[in-house]
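Structural description and commentary
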Amino acid sequence: MALLGLLEREPSHGYDLKRDYDTFFGRGKPLPFGQVYSTLSRLARDGKVIAGDAEPGAGPDRKRYVITEAGVTEVETWVGQPVEPEPHLQTVLFVKVILALMSGRDAARYLDSQRAAHLKRMRELTELKRGAELVDGLLADHALFHLEADLRWIELTSARLTALAERVQS
Amino acid sequence: MTGPHTHTQTQKPQAQAQPLLEARDVHLSFGPTPALRGASVSVQAGEILAVMGPSGSGKSTLLHCLAGILVPDSGEIHFAGRRVDPLRETERSALRRDRFGFVFQFGQLVPELTAEENVALPLLLGGQPRAKALAQARPWFERLELDGTQRRRSGELSGGQAQRVALARGLVTHPQVLFADEPTGSLDSLTGERVMDLLTAAARDHGTTVVLVTHEPRVAAYADREVIVRDGVVNSFAPVAA
């Protein structure tokens, strides 16, 4: 969907799309060329883009791709639609706490350890943000806010561990 | 054959440097209510330590003990190799004025004074002449992005500006330790982050040790390390290696 969205701006070559994808969304994980072209082929098959004729010149693929009306509609729908809020983010943390309590293990110690791990990651992200350009800074902020939400849950659960232990052991 | 380095080698102690600031098994109650029950923590010189914990856990009380504002019922406070909890109030007061800086949640600026007078206040109280104290205060206005606010009184400052003036006041004496109690607690998160950016940058530039009390993980993330105070006891956990 990101490629289709990038293509909406102007007809582009696969290489241009990859470059812009890597700039804004890649974050150290560049999109392989193979994936760019397989995605564009699929979009062409589904009628979301049209591939122009191959142009003369060097490079693996000199086709210019153009988005279709159906493609624009898809981008329009996708961008406007809220993402499903993820109610399962805590699942692993939650399962660990419950299993620890059920088996008589030290759930508080696990939560302390998890808190320390979360804070360590938050320190790394905060350091990364220092002097980072806007795009990188906002990405780090997104991660920081999610980790902070986890930590709030960890605090709440730590405070209610005794009651929770009684509940799961009964 | 013995090389030039081996025969001149001296054995240096490998142990970690002695902490600059330390609480050892500190107990303190307010009436019948125990606030600290055996709290121990040590802070290395130049370190930025976050003291976290829920409301009422004793984290601010611990800061006050470390800073010589409160005296523990039992236990010891050490600063720069010297035990400070048995000192008389006048001596502790001198210690606070000369070696420590403070920033609190609500800047607690003196409303009758201008921003630059507020910043210069610790120097004035330390006996410096007014012109010299104000001259020393001035560079902090540029450093903390406060240019143009020098002559304003606290009522004419935004929350973020007031807190940066308070930070400048806390740092103007070049203290060895800056004690910051929820320094961003009254600010929105963007303004708070700017204050933390400036606080940590200034502390690192001057080698200032910082004890930062906060319940906010995003603020604690500016520190080098965190400890958690819970029920008057300090827990320090390193993450388990993945």
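Residues numbered from 1 in each chain as written. Chains lettered and ligands numbered in written order. Predicted model: local features only at pLDDT ≥ 70, side-chain atom pairs only at ≥ 80, totals over all residues.

A few words now on the overall build of chain A. A tally of helices and strands in chain A yields 8 helices and 3 strands. Overall, chain A is about 70 × 40 × 25 Å in size when its C-alpha atoms are taken along their principal axes. Here chain A holds 170 residues, and the buried ones make up 19% of them. The contacts in chain A between residues at least 6 apart in sequence include a share of 49% that link residues at least 24 apart. (Helix = DSSP H or I, 4+ residues; strand = E, 2+ residues; numbered from the N terminus. Buried ≥ 20, exposed ≤ 12 C-beta atoms within 10 Å, placed from the backbone. Contact = placed C-beta atoms within 7 Å.)

The subject of this paragraph is the interface of chain A and chain B. In this assembly, 14 residues from chain A lie in contact with 12 residues from chain B. Looking at which element gives the most residues to the side of chain A that touches chain B, the answer is helix α6 (residues 107-129) of chain A, with 9 residues. Classifying every residue of the side of chain A that touches chain B gives 7 nonpolar, 2 polar and 5 charged. (Nonpolar A, V, L, I, M, F, W, Y, C, P; charged D, E, K, R; others polar.)

Attention shifts here to the sheet that holds strand β1 (residues 12-13) of chain A. All names here are of chain A. In space, the 3 strands of this open sheet follow the order β1-β3-β2, with antiparallel pairing throughout. Because the sheet does not close on itself, it has two edges, and the strands there are β1 and β2 (49-54). Looking at chain direction, β1 and strand β3 (residues 63-67) are connected through 2 bridges and run antiparallel. Each residue of the ladder has a partner; that of Ser 12, found in β3, is Tyr 65. Along the sheet, helix α3 (residues 33-45) makes contact with β2 and β3, crossing β2 at roughly 115°. (Pairing = 2+ DSSP bridges. Axes fitted to C-alpha atoms, helices over the stretch in contact; angles between N-to-C directions.)

What follows is about the environment of Val119(B). All names here are of chain B. Here Val 119 shows up in helix α4 (residues 115-125). Val 119 sits in the buried class, given 31 other C-beta atoms within 10 Å. As for Val 119 and Ala 133, which are separated by 14 residues in sequence, their C-alpha atoms are 8.8 Å apart. Once residues within four sequence positions are removed from consideration, Val 119 is found in contact with Ala 137, Trp 140, Val 165, Ala 168, Arg 169 and Val 172.

Moving on, we get to the sheet that holds strand β2 (residues 33-43) of chain B. Residues and elements named next belong to chain B. Taking strand neighbours across the sheet as the criterion, the 4 strands line up as β2-β1-β4-β5 in an open arrangement whose pairing is antiparallel. Where the open sheet ends on each side, the last strands, each with one partner, are β2 and β5 (82-83). Where strand β1 (residues 21-30) lies against β2, 8 bridges are found, and the strand directions are antiparallel. Note on β2: the bridge partner recorded for Glu 22 is Ser 42. Where helix α2 (residues 59-66) meets the sheet, its contacts fall on β1, β2 and β4 (74-79), and the angle it forms with β1 comes to roughly 120°.

With that settled, the discussion passes to the domain arrangement of chain A. Split into domains, chain A comes out as domain 1 (2-80) and domain 2 (91-169). Just the C-alpha atoms count here: the centres of domain 1 of chain A and domain 2 of chain A sit 38 Å apart. (Domains from an automatic or database assignment.)

Once that is clear, we can look at the nonpolar core. Soluble globular proteins tend to pack their nonpolar side chains together in the buried interior. Counting residues in hydrophobic clusters, the biggest one holds 71 residues, and the most contacted among them are Leu49(B), Val51(B), Leu62(B), Val211(B) and Leu212(B). In this structure, Leu4(A), Leu7(A), Leu17(A) and Leu43(A) belong to the second largest nonpolar core, which totals 10 residues. (Core = buried A, V, L, I, M, F, W, Y, C linked by C-beta atoms within 7 Å.)

In terms of strand pairing, β2(A) meets β3(A) through 4 bridges, oriented antiparallel. Opposite Ala51(A), over in β3(A), you have Tyr65(A) as the bridge partner.

Here we take up α4(B). Residues and elements named next belong to chain B. Of all the 11 residues making up α4, 8 are buried; the element is thus mostly covered by neighbouring parts of the structure. Listed as buried for α4 are Ala 115, Glu 116, Glu 117, Asn 118, Val 119, Ala 120, Pro 122 and Leu 123. The elements touched by buried residues of α4 are α3 (89-99), α5 (130-137), α6 (139-143) and α7 (159-171). A positive backbone phi angle near 100° is found at Gly 127, which sits one or two residues after α4.

Residue and element names in this part refer to chain B. Interaxial distance between α4 and α5 falls to 8 Å at its minimum, and their mutual angle equals 120°. Comparing the axis directions of α4 and α5 gives the class oblique. For the element pair α4 and α5, the recorded crossing hand is right-handed. Contacts between α4 and α5 pair Glu 116, Val 119, Ala 120, Leu 123 and Leu 124 from the former with Arg 130, Ala 133, Leu 134, Gln 136 and Ala 137 from the latter. (Parallel < 35°, antiparallel > 145°, perpendicular 65-115°, else oblique. Left-handed = near helix turned anticlockwise from the far one by under 90°.)

So, about the packing of α6(A) against helix α7 (residues 134-159) of chain A. All names here are of chain A. Where α6 contacts α7, the axes come no closer than 10 Å and their chain directions differ by 160°. Put simply, α6 runs roughly antiparallel to α7. Along this stretch, α6 crosses α7, giving a crossing that reads as left-handed. Facing Ala 108, Leu 111, Gln 114, Arg 115, His 118, Arg 121, Met 122, Leu 125, Leu 128 and Lys 129 of α6, the residues of α7 in contact are Gly 137, Ala 140, Ala 143, Leu 144, Leu 147, Asp 150, Leu 151, Ile 154, Thr 157 and Ser 158.

So, about unusual backbone geometry. Residues and elements named next belong to chain B. At Glu 145, a position not held by glycine, the phi torsion is positive, near 55°. Assignment of secondary structure puts Glu 145 in the loop between α6 and α7. For Asp 231, which is not glycine, the phi dihedral falls at a positive 50°. Take Asp 231: there are 14 C-beta atoms within 10 Å of it, and that puts it in the partly exposed class.

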